[in-house]
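Structural characterization, general
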Amino acid sequence: MPPIVTSAEIGRPAAEVFAYATDPARFSEWQQGVVDGHMDSPGGTLAVGATCVTTRRIGGSSRPSTSELVHIDPPKSWGVRGTDGPIRATVDVLVEPLSDVRSRLTISVDFTGHGIGKILVPLMVRREARKEMPGNMAALKQRIEAG
């Protein structure tokens, strides 16, 4: 199946949009279900191979998942791939400058199931993500434009 893609024009420069949208410590501000996030790399270095830990509230409990940074080209693109758990997300972020003060943000999400995740991804996960992503993007846009 194709990835789930959401885009929005945001009234901020590309560098600001990129910094906000790719900072795991800010994910809980705009992503439904996220309660915590951080880069788990020595010295906070953002480089291919660094890991990102995101904790989500699922079914009444908090569940961390780890992703590996697979590409980064600030302030343009960033991507992570899940490395653990039954449901592993692949997330790609693209920021395109439209002017000095306006950008287009596109977020693409796909999922791979392992074990029980092979059943959950097509039955629930993709459907829930498709419903959540427009709201998440609207929350991100509102927060970053509010400055």
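Look a little higher up for the structure.
Presented here is a report on the structure given in the accompanying data block. (Residues numbered from 1 in each chain as written. Predicted model: local features only at pLDDT ≥ 70, side-chain atom pairs only at ≥ 80, totals over all residues. Heavy atoms only, no water.)

**Thoughts on the pairing of strand 3 (residues 51-58)**
Alignment of strand 2 (residues 34-39) against strand 3, held across 5 bridges, turns out to be antiparallel. Of the residues in strand 3, the one forming a bridge with Met39 is Cys52. Here 8 bridges tie strand 3 to strand 4 (residues 61-73), and the two strands are oriented antiparallel to one another. If you follow Thr55 over to strand 4, its bridge partner there is Pro64. Taking the residues between adjacent antiparallel strands as the criterion, strand 3 and strand 4 are bridged by 2 residues, where Gly59 takes a positive phi near 55 degrees. (Pairing = 2+ DSSP bridges. Helix = DSSP H or I, 4+ residues; strand = E, 2+ residues; numbered from the N terminus.)

**A closer look at the environment of Asp100**
You can see Asp100 is positioned in the loop between strand 6 (87-97) and strand 7 (103-113). You can call Asp100 exposed: its relative accessible area is 71%. Sequence separation between Asp100 and Ala146 is 46 residues, and the spatial gap between their C-alpha atoms is 17 Å. (Buried < 20%, exposed > 50% of the residue type's maximum accessible area, 1.4 Å probe, protein only.)

**Section: helix 3 (residues 117-146)**
Look at helix 3: only 37 Å from first C-alpha to last across 30 residues, short of the 44 Å you get at 1.5 Å a residue. Bending of helix 3 peaks at approximately 40 degrees at the position of Val125. Along helix 3, the residues that are buried comprise Gly117, Val121, Val125, Arg126, Ala129, Met133, Asn136, Met137, Leu140 and Ile144. Looking at the buried residues of helix 3, the elements they touch are strand 1 (4-10), helix 1 (14-21), helix 2 (27-30), strand 6 and strand 7. Just past helix 3, the residue Gly147 takes up positive phi, approximately 80 degrees. (Expected span 1.5 Å × (residues − 1). Bend = angle between axes of the 7 residues up to and from the residue. Contact = heavy atoms within 4.5 Å.)

**Some thoughts on the pattern of salt bridges**
As a working rule, side chains carrying opposite charge can pair if their charged atoms are close by. Evaluated as defined, the whole model comprises 9 salt bridges. The residue Glu29 makes a salt bridge to Arg26 at a minimum N-O spacing of 3.1 Å. Exposure remark for Glu29: the relative accessible area of 28% places this residue in the partly exposed category. In the salt-bridge network here, residues are joined through shared partners; they are Glu9, Glu96, Arg102 and Arg104. (Salt bridge = Lys/Arg side-chain N within 4 Å of Asp/Glu carboxyl O.)

**Things to note about the layout of surface pockets**
Taken as a whole, the largest pocket encloses approximately 1200 Å³ of empty space. Those elements that provide at least two residues to the lining of the largest pocket are helix 2, strand 3, strand 4, strand 5 (77-82), strand 6, strand 7 and helix 3. A per-element tally of the lining of the largest pocket places helix 3 first, with 9 residues. Its residues assigned to classes, the lining of the largest pocket comprises 22 nonpolar, 12 polar and 7 charged. (1 Å grid on protein atoms, 1.4 Å probe; cavity = no way out; pocket = protein on both sides within 12 Å on 5 of 7 lines; lining within 4 Å. Points joined across faces, edges and corners; volume = space filled by probe spheres on them. Nonpolar A, V, L, I, M, F, W, Y, C, P; charged D, E, K, R; others polar.)

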